[in-house]
Structures are given as structure tokens and as C-alpha cells.
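# Residue-level structure breakdown
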Amino acid sequence: MREKRFKLFADYFQFYLQDEGSKGIKGESWTPEAHQRRLALERCAFAVMTARNMDVPVIVRLYQDQPEIDLAAWDHIVEFSIDVPSGRLVVAGCTDSFPQAERIELEKGSYRVRVCQAGLDEISDDGLDGKDHYLVETWPGTFMQVNIIKQYSEE
């Protein structure tokens, strides 16, 4: 397992991971279903909806096989697939400079991805501070439909 830690500026309440050659996430990708799953998705890119539009901690872990999951540790969990034909995954905040954003090298191919979110209810009243944090786990795998494993409810 390889791990990279980031503090990403989640401007507009989102951050991105995408293949270096991808055109990214389109505005129309944020459908009502995408808002429910807290994830906008294209074939080679995805955007994660965050609880606040400030710097947020994000961990990206790369595995060879599907990792175990601790359901109790997370508020929201979603799994899906992306393609990474370039072998370079760009990790960036919504308004970051993509040419200057950090890249993660991995084998070219298809990947399964699991995004886990926690601390979503632990945001200050002004929305500036919080204990929200995000984990992106990925491993080689075949295509799968989006699967919400655990749904966060703002109630």
C-alpha cells in the first residue's frame, strides 16, 4: 500500500482526482444523484463534495487488492470505477492550478475507487473549521456501477 497525504483547498465544496489527460468534471455532472452520493463522476475523473469550502485533509491510498472497510469509522462511503489511461492521477482542489497540482504515478488501466468521509457533522457554525476528513482508496479492478455503501444524512 502506498499513501499520500494532502491538504486541499475545497473551494466550491469539492476536490478532484482525475487522469492527467482527462478534461475533468463538467458542471452538469453535479446532478441531484451526484449531490446525494456526494460525488460527481466522469469516465476518467471524479469530484468529491466536501462539508466545507476550506482546506480539508485528504488521504489517498493505493492498494493492489480491495482493502477491508470499517463502516463505523465513516459517515459516508461510496465505491465506483475510473480509468487512468495516462498512468498519472492529478489530485487538486477545485480552483488549484492543474498544471502545478501533484500527480500520483500508477499503472495505466481501470481502477476501483472507494471514497470515505467522516466528521461531516463536526463543522463550526461559520463553516470555516471542522473535523471533516476524506480517504480515497483505489485498487486495480474492472468497471462497476456507483455503489453507495453508507449514506450520510444531514438531518
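Here the structure is shown first, and the text comes after it.
Everything numeric in this text was worked out from a predicted model, so none of it was measured. The numbering scheme is per chain: residues are counted from 1 as the chain's sequence reads. pLDDT decides what is reported in this predicted model: residues at 70 or higher carry local features, side-chain atom pairs at 80 or more are listed and counted, and totals for whole chains, interfaces and linings draw on all residues regardless. For the side-chain quantities, the full set of heavy atoms in the structure was used; hydrogens and water were omitted.

### Some details on the sheet that holds strand S9 (residues 109-118)
Selection criterion: A pair of strands counts as paired when DSSP detects no fewer than two bridges linking them. What counts as a helix is a DSSP run of H or I of at least four residues, what counts as a strand is a run of E of at least two, and both are numbered from the N terminus. To obtain each axis, a line is fitted to C-alpha atoms, and for helices this fit is confined to the stretch in contact; angles are then taken between N-to-C directions over 0 to 180 degrees.
With mixed pairing, six strands are arranged side by side in an open sheet as S1-S5-S10-S9-S6-S11. The sheet terminates laterally at strand S1 (2-9) and strand S11 (147-150), the two strands that pair on one side only. The sheet shows a mean angle of 25° between the axes of neighbouring strands, taken without regard to direction. As judged from the eight bridges shared by S1 and strand S5 (residues 55-62), these two strands associate in the antiparallel manner.

### Some thoughts on the packing of aromatic side chains
In this description, a pair of aromatic rings is defined by centroid distance and the angle of the planes. For clarity, the cut-off: Only centres within 6.5 Å qualify two rings of Phe, Tyr or Trp (six-membered ring in Trp) as a pair; their planes then separate them into stacked at under 30 degrees, edge-to-face at over 60, and tilted for everything else. Here's how the labels work: a residue is buried when its accessible area is under 20% of the maximum for its type, exposed when over 50%, partly exposed in between, all with a 1.4 Å probe on protein chains only.
Under the definition given, this model contains three aromatic pairs. Seen in terms of ring centroids, Phe 46 and Phe 80 are 4.9 Å apart; in terms of plane orientation they differ by 70°. Their pairing is edge-to-face. On the criterion of sequence distance, the pair formed by Phe 46 in strand S4 (residues 45-49) and Phe 80 in strand S6 (residues 76-84) is long-range, its members being 34 residues apart. Residue Phe 46 is classed as buried on the basis of its relative accessible area, which comes to 1%. Among the residues examined, Phe 80 registers a relative accessible area of 0% and is labelled buried.

### A few points about the layout of surface pockets
Selection rule: Residues are called lining when one of their atoms sits within 4 Å of a cavity or pocket point, these points coming from a 1 Å grid over the protein atoms alone, where a cavity is a set in which a 1.4 Å probe fits but cannot get out and a pocket is an open set with protein on both sides within 12 Å along at least five of seven lines. Grid points are joined across faces, edges and corners, and a volume is the space filled by probe spheres set on the points. Nonpolar residues are Ala, Val, Leu, Ile, Met, Phe, Trp, Tyr, Cys and Pro. Charged residues are Asp, Glu, Lys and Arg, and all others, Gly as well, are polar.
The calculated volume of the largest pocket comes to roughly 200 Å³. Contributing to the lining of the largest pocket are Met 1, Arg 2, Leu 62, Tyr 63, Gln 64, Glu 105, Leu 106, Glu 107, Tyr 111, Thr 138 and Pro 140. Within this model, the second largest pocket holds a volume of roughly 150 Å³. Along the wall of the second largest pocket there are 14 residues; nearest its centre are Leu 41, Ser 81, Ile 82, Phe 143 and Met 144. Listed by contribution, the elements that provide at least two residues to the lining of the second largest pocket are strand S3 (39-42), S6 and S9. The greatest single-element share of the lining of the second largest pocket, amounting to three residues, is contributed by S6. The class makeup of the residues in the lining of the second largest pocket is six nonpolar, five polar and three charged.

### Overview of the nonpolar core
For clarity, the threshold we go by: Definition used in this section: a nonpolar core is a set of buried Ala, Val, Leu, Ile, Met, Phe, Trp, Tyr and Cys residues joined via side-chain atoms within 4.5 Å. Should any heavy atoms of two residues lie within 4.5 Å, those residues are considered in contact.
Membership of the largest hydrophobic core comes to 27 residues, with the highest contact counts inside it found for Phe 15, Phe 46, Val 58 and Val 136. Among the secondary structure elements, those contributing two or more residues to this core are S1, strand S2 (14-19), S4, S5, S6, strand S7 (88-93), S9 and strand S10 (133-140). Here Val 58 is in contact with Lys 4, Arg 5, Phe 6, Leu 8, Phe 15, Tyr 134 and Val 136, once residues within four sequence places are set aside. Core analysis: the next-biggest nonpolar cluster, separate from the first, contains nine residues, Ile 25, Ala 34, Ala 40 and Met 49 among them.

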